[in-house]
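Results of the structural survey
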Amino acid sequence: MTVQELPGAAAYRPTPPPAWKPLTDPAPLLPDPEPYRVLGTDAVADADPELLLRLYAELVRGRRYNAQATALTKQGRLAVYPSSTGQEACEIAAALVLEERDWLFPSYRDTLAAVARGLDPVEALTLLRGDRHTGYDPRAHRIAPLCTPLATQLPHAVGLAHAARLKGDDVVALAMVGDGGTSEGDFHEALNFAAVWKAPVVFLVQNNGFAISVPLAKQTAAPSLAHKAVGYGMPGRLVDGNDAAAVHQVLSEAVARARSGGGPTLVEAVTYRMDAHTNADDATRYRGDSEVEAWRDHDPVQLLERELTGRGLLDGEGVEEARAAAERMAAALRERMNADPVLDPMDLFGHVYAEQTAQLREQAARLRQELAAESDQHGTEDGGAAR
């Protein structure tokens with residue numbers, strides 16, 4: 001018996017009900033087939049020369065910061081460091097597009113973005129040094145904690161942005177995540193809520209080719225990560241992540257859209273991690289030298305430097321000035337990181353609750369007594385030795 005022969009077949013509707021119809025026309029949400037570029041194209045004529053020079057200075061400083069932090073791990077001054085060498089254009093652009101009142105939600109690799117936003121270079125490394133959980137006041141800097149869980153910062157960014165919108169505060173949140181983080185459940189939840197609420201948030205995916213050792217093709221079959229935006233009802237943008245001017249422009253447009261009430265945007269910046277995942281990783285086990293060398297020809301620092309020198313906006317003296325400033329930053333970072341931190345054990349209880357619980361007060365009192373007893377013991381031993 002066919003469907004048409006069933007009782008009540010006249011009332012059977014072979015098409016879905018009207019409620020199935022798309023809520024949004026997907027066509028305007030689709031990313032361009034190729035990553036957007038500015039450097040080396042006609043679009044560069046419209047770029048602000050002062051912005052380009054500032055981007056260049058920050059890129060040079062960021063490259064030196066990565067090298068110095070990596071060296072500190074080899075000297076035992078850092079437990080681990082996830083270098084962003086090769087990804088500096090994404091990091092710097094993300095910091096510079098935000099207003100002071102906006103919030104940055106970085107991932108563990110985004111120390112450069114935090115420093116470019118004004119965070120003390122040493123404080124940005126405090127977590128990786130193991131001194132404190134964060135090392136800085138997130139509220140004072142409008143920078144969420146740098147932490148290692150993947151993609152957990154994304155729902156936090158949506159929550160803050162949605163709360164700001166409900167309060168009438170003119171605040172945009174920019175959340176950064178790697179390509180590996182897009183496979184986490186937090187990524188789905190964040191984008192879904194952001195789109196439904198039209199929260200003023202921008203998601204920046206730094207697609208550096210690998211989730212540690214897993215290449216992108218082994219974690220998604222999507223045409224691009226930017227295409228994932230369509231499924232949530234927000235626009236997806238695809239940009240050359242090594243083109244600092246292009247990343248800055250695309251993010252600026254996304255931030256302006258969010259600020260004006262247009263809702264979230266997903267931006268995929270196609271870039272490459274030149275160094276290993278961290279100093280504990282052996283990248284030669286999953287990628288060849290030829291692949292890395294091919295990306296060196298698309299180095300973000302060199303791309304912008306060639307553009308600036310070619311247009312007469314930067315000369316040899318300007319290049320040396322940028323490098324000298326970066327060296328001064330690295331020297332200060334070395335000096336301060338080589339000094340052993342002075343830590344107070346009582347700080348364990350200082351930032352757990354706004355008001356300490358009875359258990360914490362009891363534990364703090366017990367530790368205080370133990371520290372005092374230890375101090376008295378050392379004093380007695382020292383006095384005895386002196387006599």
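Presented here is a report on the structure given in the accompanying data block. The structure displayed is predicted, hence computed values, not measured ones. (Residues numbered from 1 in each chain as written. Predicted model: local features only at pLDDT ≥ 70, side-chain atom pairs only at ≥ 80, totals over all residues. Heavy atoms only, no water.)

**What to know about the overall build of the protein chain**
This is how the line gets drawn: Counting from the N terminus, the helices are the DSSP runs of H or I reaching at least four residues and the strands are the DSSP runs of E reaching at least two. Each residue is placed in one exposure class: buried if its accessible area under a 1.4 Å probe, protein chains only, is under 20% of its type's maximum, exposed if it is over 50%, and partly exposed if it falls in between. Note on contacts: a residue pair is in contact if any heavy atoms of the two residues lie within 4.5 Å. Under the convention used here, a 1.4 Å probe and the Shrake-Rupley method define accessible areas, while residue burial counts only the protein chains that appear.
The number of helices and strands found in the protein chain is 12 helices and 7 strands. Dimensions of the protein chain, computed from the C-alpha atoms along their principal axes, are close to 110 × 65 × 45 Å. The 387 residues of the protein chain split such that 44% are buried. By sequence separation, contacts in the protein chain at least 24 residues apart represent 75% of the contacts at least 6 residues apart. Entry remark: accessible area of the protein chain is about 19,900 Å², with carbon and sulfur atoms responsible for 52%.

**Looking at the state of the cysteines**
Filter applied, for reference: By convention in this document, the label disulfide applies to cysteine sulfur atom pairs within 2.5 Å.
If you walk through the whole model with that rule in mind, you get 0 disulfides. Of all cysteine sulfurs in the structure, the one in cysteine 147 sits closest to cysteine 90, which takes part in no disulfide; the separation is 19 Å. Judged by its relative accessible area of 0%, cysteine 90 is buried.

**A look at the sheet that holds strand β6 (residues 236-240)**
Just so we agree on the cut-off: Two strands pair if DSSP finds at least two bridges between them. Only the stretch in contact is used when a helix axis is fitted, and all axes are lines through C-alpha atoms; the angle between N-to-C directions ranges over 0 to 180 degrees.
As summarised here, the arrangement of the 5 strands in space is β1-β2-β3-β7-β6, forming an open sheet in which the pairing is parallel. Edge positions in the sheet fall to β1 (103-105) and β6, since each of these pairs with one other strand and no more. This sheet shows a mean twist of 20 degrees between the axes of neighbouring strands, independent of strand direction. Bridge analysis of β6 against strand β7 (residues 265-270) gives 5 bridges, and the strand direction is parallel. Its bridge partner being in β7, aspartate 240 is matched across the sheet by valine 270.

**Considering the packing of helix α1 (residues 49-74) against helix α10 (residues 300-310)**
The line we're drawing: Handedness of each helix crossing follows the sense of rotation of the near helix against the far helix: counterclockwise by less than a right angle gives left-handed, clockwise gives right-handed. In this classification, the charged set is Asp, Glu, Lys and Arg, the nonpolar set is Ala, Val, Leu, Ile, Met, Phe, Trp, Tyr, Cys and Pro, and all remaining amino acids, among them Gly, are polar.
Following both chains from N to C, one finds α1 and α10 inclined at 145 degrees, their axes separated by 10 Å at the closest point. Regarding α1 and α10, the two cross each other, and that crossing is left-handed. Two secondary-structure elements touch here, α1 through Leu52, Leu53, Leu55, Tyr56, Leu59, Val60 and Arg63 and α10 through Pro300, Val301, Leu304, Glu305 and Leu308. Per-class residue counts for the contact of α1 with α10 are 10 nonpolar, no polar and 2 charged.

**Description of a nonpolar patch on the surface**
Note the cut-off: Candidate patch residues must exceed 30% relative accessible area and have no salt bridge, after which like charges are joined if within 9 Å and Val, Leu, Ile, Met, Phe, Trp or Tyr side chains if within 5 Å. We define a salt bridge as a contact between a side-chain nitrogen of Lys or Arg and a carboxyl oxygen of Asp or Glu at a distance within 4 Å.
On the surface, Phe193, Val196 and Trp197 cluster together into a nonpolar patch covering about 310 Å² of accessible area. Among the secondary structure elements, valine 196 is positioned in helix α7 (residues 185-197). Accessibility expressed as a relative area gives 62% for valine 196, which makes it exposed.

**Quick notes on the packing of α1 against helix α11 (residues 316-337)**
Between α1 and α11, the least distance of the axes is 9 Å, while the angle of their chain directions is 35 degrees. Of the two elements, α1 crosses α11, and the hand of that crossing is right-handed. Contacts from Tyr56, Val60, Arg61, Arg64, Tyr65, Gln68 and Leu72 in α1 reach Val319, Ala322, Arg323, Ala326, Glu327, Met329, Ala330, Leu333, Arg334 and Met337 in α11.

**Overview of the packing of aromatic side chains**
As a reminder, the rule being used: Pairing of aromatic rings covers Phe, Tyr and Trp, the last counted by its six-membered ring, and requires centre-to-centre distances within 6.5 Å; plane angles under 30 degrees mean stacked, over 60 mean edge-to-face, and any other angle means tilted.
Tallied over the entire structure, the rule returns 5 aromatic pairs. The interplanar angle of 75 degrees and the centroid separation of 6.5 Å between the aromatic rings of phenylalanine 210 and tyrosine 272 together place this pair among those described as edge-to-face. Here phenylalanine 210 is found in strand β4 (residues 210-211), whereas its partner tyrosine 272 is found in the loop between β7 and α9 (289-296), with 62 residues between them in sequence. Per residue, the accessibility class of phenylalanine 210 equals that of tyrosine 272, and both read buried. Aromatic side chains phenylalanine 210 and tyrosine 286 sit 5.3 Å apart centroid to centroid with 50 degrees between the ring planes, which places their arrangement in the tilted category. Pair noted here: phenylalanine 210 is in strand β4 and tyrosine 286 is in the loop between β7 and α9, with a separation of 76 residues, a long-range link. Taking relative accessible area as the criterion, phenylalanine 210 reaches 9% and is therefore assigned buried. Put simply, the rings of Phe210, Tyr272, Tyr286 and Trp295 pair up and form one aromatic cluster.

**Here's the deal with the layout of surface pockets**
Definition in use: Cavities and pockets are defined on a 1 Å grid built over the protein atoms alone: a cavity is a set of grid points where a 1.4 Å probe fits but cannot escape, while a pocket is an open set with protein on both sides within 12 Å along at least five of seven lines, and lining residues are those with an atom within 4 Å of any such point. Grid points are joined across faces, edges and corners, and a volume is the space filled by probe spheres set on the points.
The calculated volume of the largest pocket comes to roughly 390 Å³. Around the largest pocket sit Asp131, Arg132, His133, Thr134, Gly135, Tyr136, Leu343, Asp344, Pro345, Asp347, Leu348 and His351, which together line it. Along the lines of polarity and charge, the residues of the lining of the largest pocket split into 4 nonpolar, 4 polar and 4 charged. Estimates place the volume of the second largest pocket at around 320 Å³. Considering the residues around the second largest pocket, the lining is formed by 17 residues, among which Thr24, Ala195, Tyr232, Gly233 and Met234 are closest to the centre.

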